[in-house]
Amino acid sequence: LDLRAIAGGVAGVVEWSTCMTTDTIKTRVQAGPLHTRYVDAVKGIYAETGFRGFYRGYLPILLRAVPVNASSYFIIETVNDALARLRRHPPGEEKS
């Protein structure tokens with residue numbers, strides 16, 4: 001595996017590990033009745049399932065996040081490297 005792919009996979013894990021709770025709350029607010037408040041969503045999640053409720057579905061999200069972020073980061077960095085080489089040595093220009 002390329003280091004860039006590993007970095008992308010790790011970044012996906014870190015991102016979802018830190019954002020999972022806020023995403024869960026946001027989803028509950030959006031799916032709830034009109035004018036559901038964030039505080040009410042937090043209280044509802046905690047009352048129903050405790051702290052673990054904020055991380056419900058965590059494993060499937062990580063199983064998706066690792067390959068998606070690894071491949072995205074790898075592709076973006078590979079293309080950026082290729083573009084940088086083209087800028088340094090444009091086609092048709094003699095190399096010295």
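Up top you'll find the structure we're talking about.
Anyway, here's the lowdown on the structure attached to this text. Positions within a chain are numbered from 1, following the residues in the order the chain's sequence is written. Since the coordinates come from a predicted model, pLDDT governs what is reported: local features require at least 70, and pairs of side-chain atoms require 80 or more to be given and counted, while whole-chain, interface and lining totals use all residues. To get the side-chain values, take all heavy atoms of the structure and skip hydrogens and water.

**Observations regarding the layout of surface pockets**
Summary: where empty space remains is shown by rolling a probe the size of a single water molecule over the atoms.
1) Next: The way it works is a 1 Å grid over only the protein atoms, where trapped points that fit a 1.4 Å probe form a cavity and open points with protein on both sides within 12 Å along at least five of seven lines form a pocket, and then any residue with an atom within 4 Å of a point lines it. Grid points are joined across faces, edges and corners, and a volume is the space filled by probe spheres set on the points. Of the volumes computed, that of the largest pocket is approximately 150 Å³.
2) Next: Lining the largest pocket are T24, T27, R28, A31, I45, E48, T49, G53 and R56.
3) Next: Starting at the N terminus, helices and strands are each numbered in turn, a helix being any DSSP run of H or I of at least four residues and a strand any DSSP run of E of at least two. Of all elements in the fold, only α1 (3-31) and α2 (38-49) reach the threshold of two or more residues within the lining of the largest pocket.
4) Next: Considering every element that reaches the lining of the largest pocket, the biggest residue donor is α1, with four residues.

**Some thoughts on α2**
1) Next: Helix span, as expected, comes to 1.5 Å for every residue beyond the first. Across its twelve residues, α2 extends 17 Å between first and last C-alpha, which sits within 8% of the 16 Å expected from 1.5 Å per residue.
2) Next: Residue G50 follows α2 closely and has a positive phi angle near 75 degrees.

**Here's the deal with the packing of α1 against α2**
1) Next: The contact between α1 and α2 brings their axes to 9 Å, and the two run at 105 degrees. Here α1 is positioned roughly perpendicular relative to α2, judged by the angle of their axes. Contacts between α1 and α2 involve T24, I25, K26, R28 and V29 from the former and Y38, A41, V42, G44, I45 and E48 from the latter.
2) Next: Classifying every residue of the contact of α1 with α2 gives six nonpolar, two polar and three charged. A fitted line through C-alpha atoms represents every axis, and for helices the fit uses only the stretch in contact; the resulting angles, taken between N-to-C directions, go from 0 to 180 degrees. Each angle is binned into one of four classes, with values under 35 degrees roughly parallel, values over 145 roughly antiparallel, values of 65 to 115 roughly perpendicular, and all other values oblique. What makes two residues a contact is simply this: any of their non-hydrogen atoms within 4.5 Å. Amino acid classes used here: Ala, Val, Leu, Ile, Met, Phe, Trp, Tyr, Cys and Pro are nonpolar; Asp, Glu, Lys and Arg are charged; the rest, including Gly, are polar.

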